[in-house]
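Chain by chain, the residues:
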Amino acid sequence: MKIFETKQTLQNFIDENRSKNAIIGFVPTMGALHEGHLSLIEKSKEQCAITVCSIFINPTQFNDPKDFEKYPKTIKEDLEKLELAGCEAVFLPSVEEMYPEGMLQLPHYPLGRLEELWEGAHRPGHFQGVCVVVHRLLEAVRPDLLFMGAKDYQQVAVIRHLLDHYTFEPNITLIACETIRETSGLAMSSRNVRLSSEQRIQALAIYQGFGKIQKALQEKTIRSTEILEQEFAQQLLDAGFESVDYIAFADPKSLEPITDLSQTFVVLVAAFIGGVRLIDNQLFPHELFKRV
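Conventions and cut-offs
Residues numbered from 1 in each chain as written. Predicted model: local features only at pLDDT ≥ 70, side-chain atom pairs only at ≥ 80, totals over all residues. Heavy atoms only, no water. UniProt positions renumbered as here; feature names shortened; annotations may be inferred. Helix = DSSP H or I, 4+ residues; strand = E, 2+ residues; numbered from the N terminus. Contact = heavy atoms within 4.5 Å. Polar contact = N/O pair within 3.5 Å; in protein donor to acceptor, adjacent residues only side chain to side chain. Pairing = 2+ DSSP bridges. Axes fitted to C-alpha atoms, helices over the stretch in contact; angles between N-to-C directions. Buried < 20%, exposed > 50% of the residue type's maximum accessible area, 1.4 Å probe, protein only. Right-handed = clockwise from strand over helix to strand, strands pointing away. Salt bridge = Lys/Arg side-chain N within 4 Å of Asp/Glu carboxyl O.

1. Some thoughts on the UniProt feature "active site" (unreviewed entry) in the chain
Right, so step 1: Those places that UniProt annotates as "active site" (unreviewed entry) correspond, in this numbering, to His37.
Right, so step 2: Note on placement: His37 falls in helix H2 (residues 35–47).
Right, so step 3: Excluding anything up to four places from it in sequence, His37 contacts Thr29, Gly31, Ala32 and Ser190.

Okay, structure coming up:
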């Protein structure tokens, strides 16, 4: 496994392999790697000759500086995991490498409603920071395939918008991979390391809420989205969550709120427990809950 700290040395490696007609896969991360990240590496290796993983904790996507400071940093362990996973290359840029001109005058990305809804409303500027860094990472890596986890559902939609509205060479195909969960149902997240054992159990209320929605769909006892949102939020608070940013029933493509649950829809959740902000989502109806 090769490790690169500059765009130029990485691009030399990419160019060398592309000259051999190698398909390049890319998995961008902020480190603190878990099985969800490694599943993306595995997916990339199934389809690509070369898999590149980046580890960069991007300061411009944190609207709360304290959240940036608390973000787990486990670079030694991350590199060991990537080596074992068979990743061919790791890009470890510094802040100066990614933002040589500083972070004050950055480009603005016209994201429309995508940055006004849900995560966008609760984390102003977050998706602008995501677009800036992903755009620069894509220009550095120049992959054929981009692998991202569907747990960050709205972020995947934002990056799909980026790919649709900007020109990249080569053309990049985005592959969104299903959320990887622990056996308990808790969505894997780098932030989970900040949860106590008790909080990890309490956090299962999100997954249990998804199960109740699927059961209501199967039994045709579904009520209005407004009531379902209120009940879901109360369930989280009763379980020990301190606050709920949103429970949203939304269109899977536009992410606009919906009231008609007769078609496929996505439920998006963001809530705080133990001072840790967890996000999760689930498409409905879903095979996963058939036994609920």
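2. A closer look at the side chain of Asp280
Right, so step 1: With respect to the secondary-structure elements, Asp280 resides in strand E9 (residues 276–284).
Right, so step 2: In this structure the side chain of Asp280 is engaged in a polar contact, spanning 2.9 Å, whose partner is the side chain of Arg181.

3. Section: the sheet that holds strand E4 (residues 89–91)
Backbone hydrogen bonds hold the strands of a sheet together, and the pairing may be parallel or antiparallel.
Right, so step 1: In spatial order, the strands read E1-E4-E3-E2-E5-E6; together these six strands make up an open sheet with parallel pairing. Because the sheet does not close on itself, it has two edges, and the strands there are strand E1 (2–4) and strand E6 (173–177). Each adjacent strand pair in this sheet contributes to an overall mean axis angle of 25 degrees, direction not counted.
Right, so step 2: Set on the sheet, H2 makes contact with strand E2 (24–29), strand E3 (50–55), strand E5 (145–149) and E6; between it and E5 the angle comes to about 155 degrees.
Right, so step 3: Along the sheet, helix H7 (residues 126–141) contacts E2, E3, E4 and E5; its crossing angle with E2, the most-contacted strand, is approximately 150 degrees.

4. Regarding the sheet that holds strand E8 (residues 265–273)
Right, so step 1: The three strands lie next to each other as E7-E8-E9, forming an open sheet whose pairing is antiparallel. Both outer strands of the open sheet, strand E7 (243–250) and E9, are each paired with one neighbouring strand and no more. Taken over all neighbouring pairs, the strand axes of this sheet differ in orientation by 10 degrees on average, direction set aside.
Right, so step 2: Sheet topology note: the E7/E8 ladder contains seven bridges and is antiparallel. Bridge assignment links Ser243 to a residue of E8, and that residue is Phe272.
Right, so step 3: Strands E7 and E8 of the sheet are contacted by helix H11 (residues 225–239), whose axis makes an angle of about 150 degrees with E7.

5. Re the pairing of E3
Right, so step 1: Within E3, six of the six residues are buried, which leaves the element mostly enclosed by the surrounding structure.
Right, so step 2: Neither face of E3 is left uncovered, since the one carrying Ile50, Val52 and Ser54 and the one carrying Thr51, Cys53 and Ile55 both have all their residues buried.
Right, so step 3: Bridging between E2 and E3 involves six bridges; their strand directions are parallel. Looking at E3, one finds that Phe26 is bridged to Val52.
Right, so step 4: For the segment spanning E2, H2 and E3, crossover handedness is right-handed.
Right, so step 5: By the bridge criterion, three bridges tie E3 to E4 in an arrangement that is parallel. Looking across to E4, one finds that Ser54 is bridged to Phe91.

6. Digging into the pattern of salt bridges
Right, so step 1: Going through the model one piece at a time under the given rule, you end up with 15 salt bridges.
Right, so step 2: With its nearest N and O atoms 2.7 Å apart, the salt bridge here joins Arg142 to Asp15. With Arg142 in the loop between H7 and E5 and Asp15 in helix H1 (residues 7–18), the pair connects residues that are 127 residues apart, well separated along the chain.

7. Focus: the side chain of Gln154
Right, so step 1: Mapped onto the secondary structure, Gln154 falls in helix H8 (residues 153–165).
Right, so step 2: What Gln154 contacts, discounting residues up to four positions off in sequence, is Leu114, Leu117, Trp118, Glu119, Gly120, Phe127 and Leu255.

8. Here's the deal with unusual backbone geometry
Right, so step 1: A cis amide bond links Glu169 to the next residue, Pro170, at an omega of 0 degrees.
Right, so step 2: For the bond from Phe284 to Pro285, the omega torsion is -10 degrees, close enough to zero to count as cis.
Right, so step 3: Of note, Pro285 is situated in the segment after E9.
Right, so step 4: Phi angles above zero are rare outside glycine, and Ala32 is one such case at about 50 degrees.
Right, so step 5: With respect to the element layout, Ala32 can be found in the loop between E2 and H2.
Right, so step 6: A positive phi is found at Arg142, a non-glycine position, where the angle reads about 50 degrees.
Right, so step 7: For Arg142, a relative accessible area of 24% translates into the label partly exposed.

9. Observations regarding the UniProt feature "binding site: beta-alanine" (unreviewed entry) in the chain
Right, so step 1: In the UniProt entry, the feature "binding site: beta-alanine" (unreviewed entry) is given for Gln61.
Right, so step 2: Relative to the elements of secondary structure, Gln61 occurs in the loop between E3 and helix H3 (65–70).
Right, so step 3: When its relative accessible area of 9% is taken as the criterion, Gln61 is described as buried.
Right, so step 4: Engagement of the side chain of Gln61 in a polar contact is seen with the side chain of Asn58, the distance being 3.0 Å.

10. Section: the pairing of E8
Right, so step 1: Counting buried positions along E8 yields eight of nine residues, so the element is predominantly enclosed.
Right, so step 2: Note that E8 and E9 share nine bridges and pair antiparallel. Within E9, the position partnered with Ala271 by the bridge is Leu278.
Right, so step 3: Hairpin connection of E8 to E9: two residues between the antiparallel strands, including Gly274 at a positive phi of 60 degrees.

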